[in-house]
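# Structural description and commentary
This is what each chain is made of:
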Amino acid sequence: MRTPPRTAAALSALLPLVALLACAGGSTGPDEAPPGAPDLFDQDTLHAVDITIDPSDWGTLRANFQANTYYPAEVAIDGEAVRNMAIRSRGSGTRNPFKPGLKLDYSRRDESQRFRGFESLVLENLYGDVSFLHERLAFAAFESVGLAAPHNAFARVRVNGTYWGVYAVVEPVDERFARVRLGNEGGNLYEFEAQSEGPNDFVYRGPDPRAYVPIPFSPETNEDGHDASGLIAFLRTVSEAPDATFVSEVSEFVDPE
C-alpha cells in the first residue's frame, strides 16, 4: 500500500536542494560586481535603500499588492542609484499593503542593465517574523554545513523619502545564483509560490504540466519551450514512493545526505 502524499511542510528540508532539476554542469563564472564596490551583503552594516516612484504608482502597488504588476522606479542602495528599472509587490503569505515586500528588477526595462552583477534583488518585508532573525538563522544553518544559501543583509527602506521600516536585502535564487553559487547552468530552476487559494501541498497532481507551471512552480530559467517532465517526475516520486524505497528513489533527483 502506498504511503500518504508528503506535504510541503514535511519536505521543507529538501526545498533548497530540489530547486535545480536536471542541471548540466558548468563553470562558476566571475562575479560581475565592480572591483572595490562596497559589500552589498555586509552583515555589519545596516544598509540604506531609497526608492523613488510616482506616488500614484506606489499607491496602486499597495492597493493591488496581490498583483505582480511592475512600476517604473529609481532605487539607490547605499547611495548607488539605478534609474531605469522597475519594482513590483512580491511574497506569499506575507504580502500586505502596510509593509510591501518588493522585487527590484534592474533588467525589466533594459535587458542589459545590472546592479553589481544582479538582474534583480529581493526586499523581504520580514512581516511574519517580529525578530527579523528566522531566515537569517536558517541561511546560516545551511552555510554552516557547506550548502549554498542566498546572501542577505538588513536595510532601512525609504520610499519617496518616507521611512517604511527594516527589510532584508536578499540575493535572488535565479540563473545567476545557479551559475555563480552552485556552478550549474542550463537546467530548470523553479520558485515555489504559495497561493492564497487552492492546494499548496508539494505533491503530484497528475501528468499535465499546466497543473504545476507557472503556478505554483514559477520557472526562473528556460521560460520559452519549457519542459516540466523532470519536475513532474520528482513530485510523483516524493508523493508516491513507499517508505521502503523512498530514499533510493528520491536519490535520483537529490542527494539526501
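Read on for an overview of the structure. (Residues numbered from 1 in each chain as written. Predicted model: local features only at pLDDT ≥ 70, side-chain atom pairs only at ≥ 80, totals over all residues. Heavy atoms only, no water.)

### Quick word on the overall build of the chain
When its secondary structure is counted, the chain shows 6 helices and 12 strands. The proportion of buried residues among the 257 residues of the chain is 41%. Pairs at least 24 apart in sequence give 62% of the contacts found in the chain among residues at least 6 apart. When the accessible surface of the chain is split by element, carbon and sulfur atoms take 52% of a total near 13400 Å². (Helix = DSSP H or I, 4+ residues; strand = E, 2+ residues; numbered from the N terminus. Buried < 20%, exposed > 50% of the residue type's maximum accessible area, 1.4 Å probe, protein only. Contact = heavy atoms within 4.5 Å. Areas by Shrake-Rupley, 256 points an atom, 1.4 Å probe, with all protein chains shown as cover.)

### What to know about a negative patch on the surface
Residues E175, E185, E223 and D224 make up a contiguous surface patch of negative charge. Inspection of the secondary structure puts E185 in strand β10 (residues 184-185). Exposure remark for E185: the relative accessible area of 35% places this residue in the partly exposed category. (Patch = residues over 30% accessible without salt bridge, like charges linked within 9 Å, V, L, I, M, F, W, Y side chains within 5 Å. Salt bridge = Lys/Arg side-chain N within 4 Å of Asp/Glu carboxyl O. Lys, Arg positive; Asp, Glu negative; His and termini not counted. Charge placed at Lys NZ, Arg CZ, Asp CG, Glu CD.)

### Concerning the sheet that holds strand β4 (residues 71-77)
The strand order around the closed barrel built from 7 strands is β3-β4-β5-β6-β7-β9-β8, with neighbouring strands paired in mixed fashion. For this sheet the average axis-to-axis angle between neighbouring strands, irrespective of direction, equals 40 degrees. When strand β8 (residues 152-159) meets strand β9 (residues 162-170), the two strands line up antiparallel, connected through 8 bridges. In the sheet register, R158 faces β9, and the bridge partner there is Y163. (Pairing = 2+ DSSP bridges. Axes fitted to C-alpha atoms, helices over the stretch in contact; angles between N-to-C directions.)

### Thoughts on the nonpolar core
Residues I51, I87 and L121 are the most contacted members of the largest nonpolar core, which totals 27 residues. Sorting the residues of this core by element identifies β3 (47-53), α2 (55-63), β4, β5 (80-89), β6 (102-105), β7 (120-124), β8 and β9 as the ones contributing at least two each. Residue contributions to this core peak at 4 residues, all from β4. Excluding residues that lie within four positions of it along the chain, L121 makes contacts with L40, F41, I77, L102, K103, L104, Y106, F115, V169, V170 and P172. (Core = buried A, V, L, I, M, F, W, Y, C linked by side-chain atoms within 4.5 Å.)

### A closer look at the packing of aromatic side chains
According to the stated counting rule, one finds 6 aromatic pairs in the structure shown. Geometrically, the ring pair formed by F41 and F118 is edge-to-face, given 5.9 Å between the ring centres and 85 degrees between the ring planes. On the criterion of sequence distance, the pair formed by F41 in the loop between β2 (24-25) and β3 and F118 in the loop between β6 and β7 is long-range, its members being 77 residues apart. Here the two residues F41 and F118 agree in accessibility, since each one is buried. On the basis of an interplanar angle of 80 degrees and a centroid distance of 5.2 Å, the ring pair of W58 and W164 is categorised as edge-to-face. Of this pair, W58 sits in helix α2 while W164 is found in strand β9, placing the two residues 106 residues apart along the sequence. Both residues of the pair, W58 and W164, count as buried. Feature note: the residues Y190, F192 and F217 constitute an aromatic cluster, connected by ring pairs. Against the face of Y167 rests K99, its NZ or CZ located 5.0 Å from the ring centre. (Phe/Tyr/Trp six-rings, centres within 6.5 Å; stacked < 30°, edge-to-face > 60°. Lys NZ or Arg CZ within 6 Å of the ring centre and 35° of its normal.)

### Notes on empty space enclosed by the protein
By rolling a water-sized probe across the atoms, one finds the places where empty space is left. In this structure the tally under the stated criterion is 2 cavities of 30 Å³ or more. Volume-wise, the second largest cavity comes out at about 30 Å³. Around the second largest cavity, the lining residues are L126, F132, E135, R136, N152, F154 and A168. Sorting the residues of the lining of the second largest cavity by element identifies α3 (134-144) and β8 as the ones contributing at least two each. A class-by-class count of the residues in the lining of the second largest cavity yields 4 nonpolar, 1 polar and 2 charged. (1 Å grid on protein atoms, 1.4 Å probe; cavity = no way out; pocket = protein on both sides within 12 Å on 5 of 7 lines; lining within 4 Å. Points joined across faces, edges and corners; volume = space filled by probe spheres on them. Nonpolar A, V, L, I, M, F, W, Y, C, P; charged D, E, K, R; others polar.)

### As for the pattern of salt bridges
Summed over the entire model, instances satisfying the criterion amount to 9 salt bridges. E119 is paired through a salt bridge with R114; the nearest N and O atoms lie 3.3 Å apart. The class for R114 is partly exposed, based on a relative accessible area of 36%. Between R210 and D208 there is a salt bridge whose closest N-O contact spans 3.1 Å. On the basis of relative accessibility, which here comes to 70%, the residue R210 falls in the exposed class. Look at D208 and you get partly exposed, because its relative accessible area is 31%.

### A look at the environment of V238
Here V238 shows up in helix α5 (residues 229-240). In this structure, the C-alpha to C-alpha distance between V238 and Y204, residues 34 residues apart in sequence, is 8.0 Å.

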